[in-house]
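What the coordinates show
Listed below are the residues making up each chain.
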Protein chains: 2
Amino acid sequence: MLGQMMNLPLTITNLMRFADKVYGSSEIVSVTIDSPRHRCTYADAFKRARQLANALAKLGVERGQCIGTLAWNDYRHLELYYAISCSGMVCHTINPRLFPEQLEYIINHAEDQWLFVDLAFVPLLEKLADQLPGVKGYVVLTDAAHMPKNSSLSNLICYETLIANEPDSFDWPQLDENEASALCYTSGTTGNPKGVLYSHRSTVLHCYGTVLPDVFGLSVHDVVMPIVPMFHVNGWGLVYSGPMVGAKLVLPGPKMGDGETLCALINDEGVTLSAGVPTVWLALLDFLEKSDESVPTLERVTTGGAACPQPIFDKFRERYGVEVQQAWGMTEMSPLGTYNSFKPHMRDWPESDKTPLRLKQGRPACGVELKIVDDANRELPWDGKAAGAVKVRGPWVIQRYFKATADATDADGWFETGDVATVDADGYMMITDRTKDVIKSGGEWISSIELENTAMTHPQVAEAAVIGIYHEKWTERPLLVVVPRAGTTPDPAELLAHFQGKVASWWIPEACELVPELPHTATGKVSKKDLRAQFQGYRWGSKSMGQ
Amino acid sequence: MLGQMMNLPLTITNLMRFADKVYGSSEIVSVTIDSPRHRCTYADAFKRARQLANALAKLGVERGQCIGTLAWNDYRHLELYYAISCSGMVCHTINPRLFPEQLEYIINHAEDQWLFVDLAFVPLLEKLADQLPGVKGYVVLTDAAHMPKNSSLSNLICYETLIANEPDSFDWPQLDENEASALCYTSGTTGNPKGVLYSHRSTVLHCYGTVLPDVFGLSVHDVVMPIVPMFHVNGWGLVYSGPMVGAKLVLPGPKMGDGETLCALINDEGVTLSAGVPTVWLALLDFLEKSDESVPTLERVTTGGAACPQPIFDKFRERYGVEVQQAWGMTEMSPLGTYNSFKPHMRDWPESDKTPLRLKQGRPACGVELKIVDDANRELPWDGKAAGAVKVRGPWVIQRYFKATADATDADGWFETGDVATVDADGYMMITDRTKDVIKSGGEWISSIELENTAMTHPQVAEAAVIGIYHEKWTERPLLVVVPRAGTTPDPAELLAHFQGKVASWWIPEACELVPELPHTATGKVSKKDLRAQFQGYRWGSKSMGQ
C-alpha cells in the first residue's frame, strides 16, 4: 500500500525558489577579477539566474546537454550552477588545473555545448580551442570593460552583455528528480578522467545530509566561506546548502591560496565557518603568524581532500580558538561520506585523547551506509582494529560513471572507495591506506601509511615510502624505501629497529633500501605505482625477518 | 538525461539501520506503568524491534495492513513504530482521548488487524471490543506480572511474552520509498475523522527538514524529551529524528501533564530540548514556581498545537533561561510547516521587538512551500499586512486522505490548511484566523482572533468571541459577543469604543451583544459554529457604523 503524501520531486529548482522567498536578503560576497569585493543578495543572484536561463535558451542549448564552466568561486559561477541545472541542463564544472590533454578529453567527452570561463582562463582555451570541435562558443565571466581585446577564440561573448537585456522572469521546467543536474570528472592517476553525473535528487539529499547539526551544522547565523573550489565536487555542496539554510556566502574567487585575502575576508565579513584542503589552512596559518592577525569570528573549519597534519588542528585551536573538523568523501560521493565531530562523551576527554580522535575521518552522515570488508568481501567488525576495504552505499553515491557501459558497484550494489580503514565502536573511520597500496602479509593487512609516518619520525629520514614486495611464505612483506636527510647516511638496520615498540612486530618492514629520491605524481604525492615498478623483482636478503 | 547515482529508497528501515550502527549506544529513558524509569539503548530497542517483527509475522499480519497502537510515549511504543513500518505494515497510532464512537470508527476504517495497548487503556477497549469485529487480538504493552487478570477481551497477549522467545535477527523487506509507513487520523470538529497515510519517503524527508540547525537543531549532544504524544502526528517526528542524529530520548509515558515528573526527568536526565503543547508548559511552569525548582540543562522548548500565550515565553526566558520557540503544522503536514527561530539581524533587537516576533508561527522549513492567497486564489505579498488563506505544498504534505476518492488538494496541487495568516518580508507567518472564522468585509478580511484578543484586554470582559454577520453593503461585518466579568455590566458602546486606536477603524465590530456564556467544543475552545447558529438571522441595529 502506498502512502498518500504529495509526489513532489526533490529539485534544485525548488531549493532555489525556497531560498529566494525565505532568505532572499541573505548576502553573497565575492572576489572577482573585475571587483575585489562584489556584494549582492540571494534574490539578486537568482534574478540574474533567471536572466541567464533566458539567455541559455537563446544559445540553443537543449535539456540534458552539458555546459562547461572554468571558473573560481564567485556569484557568477553560482548563477551558472542554478540557471543551468534548473533549466534541465547539466552544469559541468571543469578543473582548470588539469593537464591540457585532460581538459580536451573531458570537454569533448561531456560534449559541452558552450564554455563559461573566467578571464584568467581565456589564454588556456585559446590554445585548446582547435581540439574542441563541439564547443559552440565561449562566454567570459566579466563585464564589457574587462573583455579580452584580441582573442583568437571565435564566438566570444561577454557574460554581462549576454544577460543584460534578458527578462528577469523565467518559467522553469518541471523536472524529474532523477534528471542529471551536474557533472564532475575525477582525475585518477591512471587512464582517462571519469565523469560522475549527479541528479537533482542526489544533490538535494546530500544537501540535507551535510547541513545536519553534527556535520557542517550550517545555519542562517553562519557566514560560510567555501575555499574549496566550486569545480571540486560542487564546492562540497556549500553553494547548495548555504541557500538551503540562508547562510551568508563569502566566495574568495581566485584568492583561494592567498592567506592575506582570506584573513581580510574572514574579518571583514564575519566568517564563522570555512571549508578547504589542508594546504589552504597552511597558507592562512602562515599569514596569521607572520602578520600577528587573528580571526575572532571564525568558529570552525572543515578540512578534507587529504589527511590533515596535526599541527593544523593544534594551532587553530590553541592560538585562534578555531575547531578544525575532518570530512571525508570523494567525487563519487557528492562528496560527503563521513564527518568528524565529537559525541557527547568525548567532550570531556583530555586533549591527549581528543587528538588521535580528530585525526580520524569521522562517522558516516545519515544517508551514507558504510562497511569495511576483507579480501573475501566479509564484513569486518567496528572495533577500531580490523582494517578493511571501505565500501559505501546511499542515494548520493555513484551507480555508474558517465557514458560507462557497466555499473561502478559490486554485485551487492556497494561502491568500493579504494580506501582501507578501521572503524571504531563509535563509528569513527580511520583511513589506513589506499587499497592498491596496502600490504597483504600472511592473510592480514599492513598499513603502508602508518609505517611511513613512523619512519618519518626518525631524525635521519627526509622522505619514506613503504611498498609490498612478493614473499614466498607471507605472500607480501613491507619494504621500506628511504631518502636520507641531507648529509646523513642512516644504517638500514637501525631504521628498522626504530619501529620496535611502535607498531606490531609483524608489521616491521622486512628490509630497508636507501635511495636518492622517490618518484612523485603531478600533484606531489609519492607514486607508489612507479616505486613498485622500480623495485619489481626485488629479492629479500638472507637477513630478512620473515624467512 | 538521468543522473547516475544510486537509486536507493528513503526508508525508515535505512534510518533505523544507520542509528543502530552509528548511535547504538545512545540512550532511551522511559516512564512506563511497570517501571518509573526504564533505561535502554537504541541498539537494545532495535534488537527488540527485530524480535517484534518476527512476532508480527507470526501473528499473520501482511504487508500493507494496519496495526493500531493506543499507547503513551515509551520504548515499547518506539519499538512498535520501527517494527511495524519496517515490516512494510502501517503503524496506526490512535489517540486514546477520542470519543468511543470515534475510536470505533477509525479502528474499523483503518481495518486494524491487532491493537497494541497500554495497560491503562484495556478497560476502554473492553467496552469497545464488540464493535471491533476486524481486530484479531490485543497485545498489552507490559510484562507478565502486570497483565490484567480477568479481562473480557479475547485473544489478550502480553507484549513481553510475545517477543521473548523470538530471534533477534530479522530480514527486513526491501521497501519502495512510497510505501505507507504510518497512519494518523485528524479529529475534525465536523464529520468523521480523516486518516493521513504517511510514506517512508515523506517520513524521512520530514526528518531531514526538522533537524535542520534553525528548526529543531537536533544533535547527538541533545537530550530530547517529546512531551507531545506519539499518537499526535508521530510525536512531531522526534522518535524518528532523535535516532537520525543519535540524540538521547526521554519518554515520559503517562506522565505528560505532571509537572513534578517532567521536572525530575529534565534534571535527572539532562534534558536540553523538549516539545509539547502550551498546556504542558503551564503545568511545568506551575510546578517550578510552587517548588522553587529550576531546569538548568533545558536550553529550548518547542511549542505547537495551539497559540502559545506570551507569559509562557517570558517566564521560561526570564526565570529559567529557556528559549521557547513556536512550531506550526498539522497532521496533514507530518506535521511541520513553519518554525520560529531568529534570523541574524533579530538577535540584537530589543525585547520589545522580539516579543511580537516570537508570537508568530515562524518561517517555512526547507521542503515546505507556502503561500497566502485571497478569495480569488491570487497570491498575496509577504508584507506582514496582507492576510490570506494559507496553502502549502511539499513532499511531506498530504495528497489525499486515506480511502478518499478525491484529492485533498486544489487544482494547482496545493493543500489549503484552513488557516488565515500574514507573512512578513522575512518569511515569518502569523496566523490571524481560521478560514471559516474570518470576517469578509467589503472584499477585505478581518481577523476575528485579533479582535477577540483586543476585547479581552478590557477589564469588564471575561470571555469574548467575534463572528461575521451578513451585512447588505459590506457582505459581512464583525459582531462582538461578550461574557461580562462576574459582577459587572459593561456598556456595549464603551466596549466598542475600546477598540479605537487599537485596530484599523473599519475593523471595529459593528455591534456588541452581552451573553451569560459562550458555546464551547469538547476541547474547550469557543465553538464559532454554534455561536453563528445562535446568531443566525441577527439584524444590525440603526446605530451600526457601517451603514
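The text that follows walks through the structure, step by step, so that each part is easy to find. Source: prediction; values computed, not measured.

A few words on the pairing of strand E15 (residues 336–339) of chain B. Residue and element names in this part refer to chain B. For strand E14 (residues 323–329) and E15, the ladder comprises 3 bridges, and the chain directions are antiparallel. Pairing of Ala327 across the sheet is with Tyr339, part of E15. Taken together, E14 and the strand that follows it, E15, pair antiparallel across an intervening segment of 6 residues, in which Ser334 is found at a positive phi of about 80 degrees.

In this complex, chain A contributes 77 residues to the contact, which on the side of chain B involves 77 residues. Counting the surface lost from both chain A and chain B, the interface buries some 5900 Å², and carbon and sulfur atoms represent 61% of this. Among the residues chain A hides against chain B, the three largest losses belong to Met1, Met5 and Met6 of chain A. Together they make up 16% of the total. On inspection of chain A and its partner chain B, the count reaches 4 salt bridges. Notably, a salt bridge pairs Glu177 of chain B with Arg201 of chain A, separated by 2.8 Å at the nearest N-O pair. Put simply, chain A and chain B have 34 residue pairs in polar contact (both at pLDDT 80 or more) between them. Breaking the side of chain A that touches chain B down by element, the ones donating at least two residues are helix H1 (12–22), strand E9 (194–199), helix H7 (200–211), helix H9 (238–245), strand E16 (363–364), strand E17 (369–373) and strand E18 (388–393) of chain A. Considering every element that reaches the side of chain A that touches chain B, the biggest residue donor is H7 of chain A, with 6 residues. Class assignment for the residues of the side of chain A that touches chain B results in 42 nonpolar, 18 polar and 17 charged.

In this structure, Val368 of chain A sits in the loop between E16 and E17. Separated by 32 residues in the primary sequence, Val368 of chain A and Leu336 of chain A place their C-alpha atoms 8.4 Å from one another. Discounting residues that sit within four places of it in the chain, Val368 of chain A has contacts with Met333, Leu336, Gly337, Val392, Arg393 and Trp396 of chain A together with Phe18 of chain B.

As a further point, take the sheet that holds strand E20 (residues 429–434) of chain A. Residue and element names in this part refer to chain A. Strand order in the open sheet formed by 4 strands is E17-E18-E19-E20, and the pairing between neighbours is antiparallel. Among the strands making up the open sheet, the edge pair consists of E17 and E20. When strand polarity is set aside, the average angle formed by the axes of neighbouring strands in this sheet is 45 degrees. The pairing of strand E19 (residues 415–423) with E20 spans 5 bridges and is antiparallel. By the bridge assignment, Asp419 is partnered in E20 with Arg434.

All names here are of chain A. One way to put it is that helix H3 (residues 75–86) packs onto H9 with a least axis distance of 11 Å and a crossing angle of 85 degrees. Relative to H9, the element H3 is oriented roughly perpendicular. Between H3 and H9, the contacting residues are Leu78, Tyr81 and Tyr82 on the first element and Val239, Tyr240 and Pro243 on the second.

The next thing to look at is the nonpolar core. Tyr82 and Phe116 of chain A together with Tyr82 and Phe116 of chain B are the most contacted members of the largest nonpolar core, which totals 196 residues. Leaving out residues up to four positions away in the same chain, Tyr82 of chain B has contacts with Ile12, Met16, Phe46, Ser87, Trp172, Val239, Tyr240 and Pro243 of chain B. Listed in part, the 57 residues of the second largest apolar core include Val122, Leu132, Tyr138 and Tyr185 of chain A.

Residue and element names in this part refer to chain A. Here helix H2 (residues 42–58) is 17 residues long and its end C-alpha atoms lie 24 Å apart, about the 24 Å a rise of 1.5 Å per residue gives. For H2, a buried count of 12 out of 17 residues is recorded, marking the element as mostly surrounded by other parts of the structure. Within the span of H2, buried status applies to Tyr42, Ala45, Phe46, Arg48, Ala49, Arg50, Gln51, Leu52, Ala53, Asn54, Ala55 and Leu56. Among the residues trailing H2, Gly60 stands out with phi positive, at a value near 85 degrees.

Attention now moves to the relation of the copies chain A and chain B. Rotating chain A by 180 degrees about the axis while translating it 0.0 Å along that axis superimposes it on chain B, leaving an RMSD of 0.1 Å. Expressed as an axis order, the relation between the two copies is that of a two-fold axis.

This part covers the packing of aromatic side chains. Inspection of the entire model under this criterion finds 29 aromatic pairs over all chains. Ring centres of Trp72 of chain B and Phe121 of chain B lie 5.7 Å apart, and the angle between their planes is 45 degrees; on these two criteria the pair is classed as tilted. Here the residue Trp72 of chain B occupies a position in the loop between strand E3 (66–70) and helix H3 (75–86), and Phe121 of chain B occupies one in the loop between strand E5 (114–117) and helix H5 (122–128), the gap between them amounting to 49 residues. The class for Trp72 of chain B is buried, based on a relative accessible area of 11%. For Phe121 of chain B, a relative accessible area of 10% corresponds to the buried category. Looking at Lys194 of chain A, its charged tip hangs above the ring of Tyr401 of chain A, at a distance of 4.5 Å from the centre.

Counting through the fold element by element, Arg76 of chain A comes out in helix H3. The residues contacting Arg76 of chain A, other than those within four sequence positions of it, are Thr32, Asp34, Arg48, Leu141, Thr142, Asp143, Tyr159 and Glu160 of chain A.

Turning our eyes to something else, we now look at H3 of chain B. Residues separated by three or four positions in an α-helix point in the same direction, a consequence of the helix having 3.6 residues per turn. All names here are of chain B. Across its 12 residues, H3 extends 16 Å between first and last C-alpha, which sits within 8% of the 16 Å expected from 1.5 Å per residue. Counted residue by residue, H3 has 12 buried out of 12 residues, so it is predominantly covered. Residues Tyr75, Arg76, His77, Leu78, Glu79, Leu80, Tyr81, Tyr82, Ala83, Ile84, Ser85 and Cys86 constitute the buried set of H3. In this structure Asp74 caps H3, since a side-chain oxygen of it lies 3.0 Å from the backbone nitrogen of Arg76. Directly beyond the C-terminal end of H3, a positive phi value near 85 degrees is found at Gly88.

Further remarks concern the pattern of salt bridges. All names here are of chain A. Scanning the entire structure with this criterion turns up 78 salt bridges over all chains. With a shortest N-O distance of 3.1 Å, Arg39 and Glu27 are connected by a salt bridge. On the criterion of sequence distance, the pair formed by Arg39 in strand E2 (residues 38–41) and Glu27 in strand E1 (residues 27–30) is long-range, its members being 12 residues apart. A salt bridge links Asp314 to Arg317; its shortest N-O distance comes to 3.3 Å. Here Asp314 and its partner Arg317 are both found in helix H12 (residues 310–320), 3 residues apart, which amounts to about one turn of the helix. Taken as a pair, Asp314 and Arg317 share a single burial class, namely buried.

Here is what the cut-offs are and how they apply
- Residues numbered from 1 in each chain as written.
- Chains lettered and ligands numbered in written order.
- Predicted model: local features only at pLDDT ≥ 70, side-chain atom pairs only at ≥ 80, totals over all residues.
- Heavy atoms only, no water.
- Pairing = 2+ DSSP bridges.
- Helix = DSSP H or I, 4+ residues; strand = E, 2+ residues; numbered from the N terminus.
- Contact = heavy atoms within 4.5 Å.
- Buried area = accessible area lost by both parts, 1.4 Å probe.
- Salt bridge = Lys/Arg side-chain N within 4 Å of Asp/Glu carboxyl O.
- Polar contact = N/O pair within 3.5 Å; in protein donor to acceptor, adjacent residues only side chain to side chain.
- Nonpolar A, V, L, I, M, F, W, Y, C, P; charged D, E, K, R; others polar.
- Axes fitted to C-alpha atoms, helices over the stretch in contact; angles between N-to-C directions.
- Parallel < 35°, antiparallel > 145°, perpendicular 65-115°, else oblique.
- Core = buried A, V, L, I, M, F, W, Y, C linked by side-chain atoms within 4.5 Å.
- Buried < 20%, exposed > 50% of the residue type's maximum accessible area, 1.4 Å probe, protein only.
- Expected span 1.5 Å × (residues − 1).
- Least-squares fit on C-alpha atoms with pLDDT ≥ 70 in both.
- Phe/Tyr/Trp six-rings, centres within 6.5 Å; stacked < 30°, edge-to-face > 60°.
- Lys NZ or Arg CZ within 6 Å of the ring centre and 35° of its normal.

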